[in-house]
Amino acid sequence: MKFFLDTADLAEIEEAASWGALAGVTTNPSLYARIGGKLDDFHNHIKRICDIVGPDCPVSAESVAMNRDEIIADGRELADIAPNVVVKVPTMVEGLAATHTLAAEGIPVNMTLCFSVPQALLAARAGARYISPFIGRLDDIGENGVQLVENIVKAFKLYGITTEVIAASIRNLEHVEKVMLTGCQIATIPTKVLEQMIIHPL
Ligand code: E4P
C-alpha cells in the first residue's frame with residue numbers, strides 16, 4: 001500500500017517527502033482554506049505542490065464546479081498545471097459524465113466522496129484512474145468505512161478492474177492498519193496520522 005498525504009500544507013508535504021514516505025498528495029479547497037489559502041489562488045497552489053513533489057508523484061486537485069461542463073473546463077485547466085495533476089471529481093451524476101469526457105482525453109481522474117460499491121463500479125466504468133471511498137465520514141454516521149474499502153477491492157478484483165482504490169477520510173492509526181489488510185493500493189492520510197505511524201511508546 002502506498003501513502004499519499006492529505007493536505008495543502010507545503011511544509012508538511014516537504015517533510016513527508018524527506019521521509020521517503022510520499023507517493024502522492026491529495027488536497028481540496030477546504031484543506032487549502034484551512035491553511036489560510038484563497039480559492040482564487042488554488043490553481044497556483046497546486047503548481048507549488050507539484051514543484052515540491054516532482055513529476056512522478058500524483059497530485060489530486062479537486063474541482064469545486066457542480067455541473068459537467070464546468071467540471072470539464074476546470075479539469076482541463078487543472079490538468080494543464082502539470083503532467084502529474086489528477087483531477088478530483090465528486091462521485092455524482094455530473095461528476096461521472098465529466099469523468100467520462102476527461103478520461104477520454106487522457107486526463108487522470110480521482111473520483112472522490114465515494115460511499116458505496118455501486119458508486120465505485122460506476123466511477124471505474126466512467127474511466128476514473130482512482131476511486132476514493134471516505135472511511136471516517138461513514139464511521140461518523142454509524143456505518144463501517146473500512147468494510148466499504150474491503151468490498152470495493154474485492155469487487156474490482158472480481159471484475160479485473162484496474163482503477164486504484166484510495167482509502168480516504170482516514171482519522172486514526174486503526175484506520176490505516178485495517179485498510180492495509182484490505183489490499184487497497186493507496187491510503188491518503190493527514191499529517192497527524194502519518195506522524196503517529198512512526199511513534200510508539202516503547
Ligand atoms: C481525500 O481525498 C479527502 O480530501 C479527505 O480524505 C477528506 O477527508 P475528511 O473526511 O477528513 O474531510
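The structure this text deals with has already been given above.
Reference entry: report on the structure contained in this document.

Parameters at a glance
Residues numbered from 1 in each chain as written. Predicted model: local features only at pLDDT ≥ 70, side-chain atom pairs only at ≥ 80, totals over all residues. Heavy atoms only, no water. Helix = DSSP H or I, 4+ residues; strand = E, 2+ residues; numbered from the N terminus. Contact = heavy atoms within 4.5 Å. Phe/Tyr/Trp six-rings, centres within 6.5 Å; stacked < 30°, edge-to-face > 60°. Buried < 20%, exposed > 50% of the residue type's maximum accessible area, 1.4 Å probe, protein only. Salt bridge = Lys/Arg side-chain N within 4 Å of Asp/Glu carboxyl O.

1. Describing the side chain of Thr112
Part 1 of the argument: Locating Thr112 in the fold gives a position in strand 5 (residues 109-114).
Part 2 of the argument: Filtering out sequence-adjacent residues up to four positions away, Thr112 remains in contact with Glu62, Lys88, Val89, Pro90, Thr91, Ser132 and Phe134.

2. Some points on the packing of aromatic side chains
Part 1 of the argument: Applying the stated criterion across every chain yields a total of three aromatic pairs.
Part 2 of the argument: Between Phe4 and Tyr130 the ring centres are 6.3 Å apart and the planes differ by 70°, which places this aromatic pair in the edge-to-face class. Of this pair, Phe4 sits in strand 1 (residues 2-6) while Tyr130 sits in strand 6 (residues 130-133), and the two are 126 residues apart along the sequence.
Part 3 of the argument: A relative accessible area of 3% means that Phe4 is categorised as buried.
Part 4 of the argument: Between Tyr32 and Phe42, the aromatic rings sit 5.7 Å apart at their centres with planes inclined by 50°, giving tilted as the arrangement. Here Tyr32, found in helix 2 (residues 29-34), pairs with Phe42, found in helix 3 (residues 42-53); they are 10 residues apart in sequence, far enough to count as distant.

3. Some thoughts on the pattern of salt bridges
Part 1 of the argument: Under the counting rule described, the total for this entry stands at eight salt bridges.
Part 2 of the argument: Here Asp51 and Lys47 are joined by a salt bridge, their closest N and O atoms 2.8 Å apart. Of this pair, Asp51 and Lys47 both sit in helix 3, four residues apart, roughly one helical turn.
Part 3 of the argument: Lys88 is paired through a salt bridge with Glu62; the nearest N and O atoms lie 3.5 Å apart. With Lys88 in strand 4 (residues 85-90) and Glu62 in strand 3 (residues 59-62), the pair connects residues that are 26 residues apart, well separated along the chain.

4. Here we look at unusual backbone geometry
Part 1 of the argument: One non-glycine residue, Leu113, adopts positive backbone phi at about 55°.
Part 2 of the argument: Here Leu113 is to be found in strand 5.
Part 3 of the argument: Residues other than glycine seldom take positive phi values, yet Ser169 does so here, at roughly 55°.
Part 4 of the argument: With respect to the helices and strands, Ser169 occurs in the loop between strand 7 (164-167) and helix 9 (173-180).
Part 5 of the argument: For Ser169, a relative accessible area of 10% corresponds to the buried category.

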